[in-house]
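Now for the letters of each chain:
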Amino acid sequence: MAYSSIRRGSKSYVQIWVFINISLGAWVDELPRVLWAYRTTCRKSTNETPFSMTYGTEAVVPTEIGEPSFRTEQFDPDLNVEGLSLNLDLLEIKRDNAHIRMVANQKAVA
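Per chain, residues are indexed from 1 in the order of the written sequence. pLDDT decides what is reported in this predicted model: residues at 70 or higher carry local features, side-chain atom pairs at 80 or more are listed and counted, and totals for whole chains, interfaces and linings draw on all residues regardless. As a rule here, side-chain values cover all heavy atoms of the structure and leave hydrogens and water aside.

Thoughts on the overall build of the protein chain
Looking only at helices and strands, the protein chain features six helices and zero strands. The buried share of the protein chain, taken over its 110 residues, is 15%. Working rule for contacts: check all heavy atoms of both residues, and any pair within 4.5 Å makes them a contact. Sequence-distant contacts in the protein chain: of pairs separated by 6 or more residues, those separated by 24 or more amount to 42%. A run of H or I in DSSP becomes a helix once it reaches four residues, and a run of E becomes a strand once it reaches two; helices and strands are each numbered from the N terminus. With a 1.4 Å probe rolled over the protein chains alone, any residue whose accessible area is under 20% of its type maximum counts as buried; one over 50% counts as exposed, and the rest are partly exposed.

Set out below in structure tokens:
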């Protein structure tokens, strides 16, 4: 695939970025960051991130781990276990709602 065949309108910025970095040989170092960005970006069809659809909770962004934030400062392991348990109980409902939105979007397109 030549650089001239990449059009911004038909490719996402991540796809273009990955293509360029694969071409330059830097993809091994950048792959974890690209996957993290992909997994934590909200999808229009489901209105959820793939991470939250898998694990039932939102991910902590790596910058929140290194820098103090309200979320990391108020972390309580006991409350965290309770919250994760509740999120897992509600995960099936979240997935059902996402499926309903996805089907509605597909019908709107068709």
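A short note on the packing of aromatic side chains
For this analysis, a ring pair means two rings from Phe, Tyr or Trp (six-membered ring only for Trp) whose centres lie within 6.5 Å, classed as stacked if their planes differ by under 30 degrees, edge-to-face if by over 60, and tilted for the remaining angles. Evaluated as defined, the whole model comprises two aromatic pairs. Between Phe51 and Tyr55, the ring centres sit 4.7 Å apart and the planes meet at 50°, which makes this aromatic pair tilted. Of this pair, Phe51 and Tyr55 both sit in helix 3 (residues 50-55), four residues apart, which is roughly one turn of the helix. Look at Tyr55 and you get partly exposed, because its relative accessible area is 48%. Three or more aromatic residues joined by ring pairs form one cluster here, namely Trp36, Phe51 and Tyr55. One Lys or Arg, Arg43, reaches over the ring of Tyr38 and ends 4.2 Å from the middle of that ring. Placement of a positive charge over a ring is assigned whenever Lys NZ or Arg CZ falls within 6 Å of the ring centre and within 35 degrees of the normal to the ring plane.

Here we look at a nonpolar patch on the surface
Nonpolar side chains (Val, Leu, Ile, Met, Phe, Trp, Tyr) within 5 Å and like charges within 9 Å form the patches, drawn only from residues with over 30% relative accessible area and no salt bridge. Here the accessible surface of atoms and residues is derived via Shrake-Rupley with a 1.4 Å probe, and residues count as covered only by protein chains that are part of the display. In the sections that follow, a salt bridge refers to a side-chain nitrogen of Lys or Arg positioned within 4 Å of a carboxyl oxygen of Asp or Glu. Taken together, the side chains of Leu86, Leu90 and Ile93 make up a nonpolar region of the molecular surface, amounting to roughly 280 Å² of accessible area. By secondary structure assignment, the location of Ile93 is in helix 6 (residues 77-109).

Concerning the side chain of Thr49
Turning to its location among the elements, Thr49 is positioned in the loop between helix 2 (27-39) and helix 3. Among residues more than four places away in sequence, those in contact with Thr49 are Arg39, Thr40, Thr41, Cys42 and Glu58.

Side note on the environment of Leu88
Structurally, Leu88 can be placed in helix 6. Residue classification places Leu88 among the exposed residues on the basis of a relative accessible area of 52%. It is 5.5 Å that separates the C-alpha atoms of Leu88 and Gly56, two residues lying 32 residues apart in sequence.

Some words on the pattern of salt bridges
Applying the stated criterion across every chain, the model contains two salt bridges. Between Lys94 and Glu48 there is a salt bridge; the shortest N-O distance is 3.8 Å. Linking Lys94 in helix 6 with Glu48 in the loop between helix 2 and helix 3, this pair joins segments that are 46 residues apart in sequence. In this structure Lys94 comes out as partly exposed when scored by relative accessible area, which is 22%. A salt bridge links Arg101 to Glu48; the nearest nitrogen and oxygen atoms lie 3.8 Å apart. Taken as a pair, Arg101 in helix 6 and Glu48 in the loop between helix 2 and helix 3 lie far apart in primary sequence, 53 residues in all. For Arg101, a relative accessible area of 30% puts it in the partly exposed group. Note on Glu48: relative accessible area 16%, which makes it buried. Sharing partners across several salt bridges, the network here consists of Glu48, Lys94 and Arg101.

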